[in-house]
Amino acid sequence: MSKRWIKNALSREDVEIVALVDINPAAAEAMAAEYNLTCARFTNLEEAIRSTNANLVMDVTIPEVHKSVVLTATALGCDVLGEKPMAASMKDAADMKAFVAEHNQSYAVMQNRRYTKQIREARGLIEQGVIGQPGFIKADFFLGPHFGGFRDAMDNPLILDMAIHTFDQARFLLKADPVSVYCHEFNPPHSWYRGNASAICIFELSDGSVFSYNGSWCAEGASTSWESAWRIMGSKGTLIWDGTNTPYAEVLPAELVTGAHRNECLRVEPTAEWTGREGHDGCFDEMFASLIEGRKAETDCSDNLNSMAMVFGAIESAKRGEKVLISSVM
């Protein structure tokens, strides 16, 4: 993933890469050679910042060390842009948010799946009231990636490393935050992951709606999109987005037929236009714009904490086998 970040940094005129930091010196050397970088290489972040006077750290480490990276960088006066998930525990995420605020620095988290033309179109349909008040939201995520590496050894590979995207998308689409969650997490017999690679979650949200998530990272065949497959049911109709094609809504006509057994609905296409870049580049653009404009990014850690609460609330619910109030894990 660091390659994706380096490519973006090199494409910007307002960014200079002054150091690569990796506990494995050979990895930093290989990356420098691949991108013709002449910057210094370090194995220690604090030393790198002090030696180069860097003012921004891009954290593309594994989740377990995000807290260490962010606290070190922030204490030395650096802003941070980091890969998801924000942290490997809810306590770490809360500590990081508080520490960043205390030091008056900025820490934004990569949530690239907010930045697609289609999800912006879907949100536009909801914002315009096309389907009325959302009440029931369902997202299906079924893929079978063979990553190898740290994901295969994680306790909660699906929820912690991937479901964070879908949970964050739900918050983005509905402009709502989680209130409670019930989660059944499990690992099918055919799974190649050590930890639980499948889950069913039910979230109650602050707008009164219910969000259902069904997912698996060991699903071979009939894959969904990485963006998940969505059905959002409202008081006036339903929005459908398969994560690949343009979303659309089927809504009630202005005048209903009296006594009809089923209402015939009308198809509505999105009208809201998204002119920004998509994926990682779109999120990078927003994060850098927030630094330049001196404001919080859309994916600032203070906002992302709510998505993390969905993750760790779900994990806690699965452990306890009962519904968990999100306030209890914040």
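Residues numbered from 1 in each chain as written. Predicted model: local features only at pLDDT ≥ 70, side-chain atom pairs only at ≥ 80, totals over all residues. Heavy atoms only, no water.

Participant: Looking at this structure, I do not really get the packing of aromatic side chains. What am I missing?
Facilitator: The description of an aromatic ring pair uses the distance of the two centres, along with the angle that the planes make with each other. Summed over the entire model, instances satisfying the criterion amount to eleven aromatic pairs. Ring pairing ties together the aromatic residues F167, F203, F211, Y213 and W230, which thus form one cluster. The ring centre of F172 lies 4.1 Å from the NZ or CZ of R123, which sits over that ring. Here the basic side chain of R151 rests over the ring of F147, its NZ or CZ set 4.4 Å away from the ring centre. (Phe/Tyr/Trp six-rings, centres within 6.5 Å; stacked < 30°, edge-to-face > 60°. Lys NZ or Arg CZ within 6 Å of the ring centre and 35° of its normal.)

Participant: Please clarify how the environment of R12 should be interpreted in this entry.
Facilitator: Structurally, R12 is set in the loop between α1 (2-11) and β1 (19-21). Between the alpha carbons of R12 and L143 there is a distance of 34 Å; along the sequence they are 131 residues apart. Once you skip the residues sitting within four places of it in the chain, R12 turns out to touch D285, F288 and I292. (Helix = DSSP H or I, 4+ residues; strand = E, 2+ residues; numbered from the N terminus. Contact = heavy atoms within 4.5 Å.)

Participant: Is there a simple way to explain the nonpolar core in this structure?
Facilitator: As a rule of thumb, soluble globular proteins bury nonpolar side chains together. Grouped together as the largest cluster of nonpolar side chains are 69 residues, with contacts concentrated most on M86, Y107, I159, F167, C201, F203 and F211. Among the elements that line this core, the one with the most residues is helix α8 (residues 157-174), at eleven residues. If we ignore the near neighbours within four places in the chain, the residues touching F167 are I159, C201, F203, F211, Y213, M310 and V311. Grouped together as the second largest cluster of nonpolar side chains are ten residues, Y115, C283, F284 and A297 included. (Core = buried A, V, L, I, M, F, W, Y, C linked by side-chain atoms within 4.5 Å. Buried < 20%, exposed > 50% of the residue type's maximum accessible area, 1.4 Å probe, protein only.)

Participant: Hey, could you run me through a nonpolar patch on the surface in this one?
Facilitator: A grouping of I62, V65 and F150 is seen on the molecular surface, where their side chains present a nonpolar patch of about 210 Å² in accessible area. Along the chain, V65 falls in the loop between β3 (56-59) and α4 (66-75). For V65, a relative accessible area of 34% gives the class partly exposed. (Patch = residues over 30% accessible without salt bridge, like charges linked within 9 Å, V, L, I, M, F, W, Y side chains within 5 Å. Areas by Shrake-Rupley, 256 points an atom, 1.4 Å probe, with all protein chains shown as cover. Salt bridge = Lys/Arg side-chain N within 4 Å of Asp/Glu carboxyl O.)

Geometric descriptors of this kind do not, in isolation, establish any biological role.
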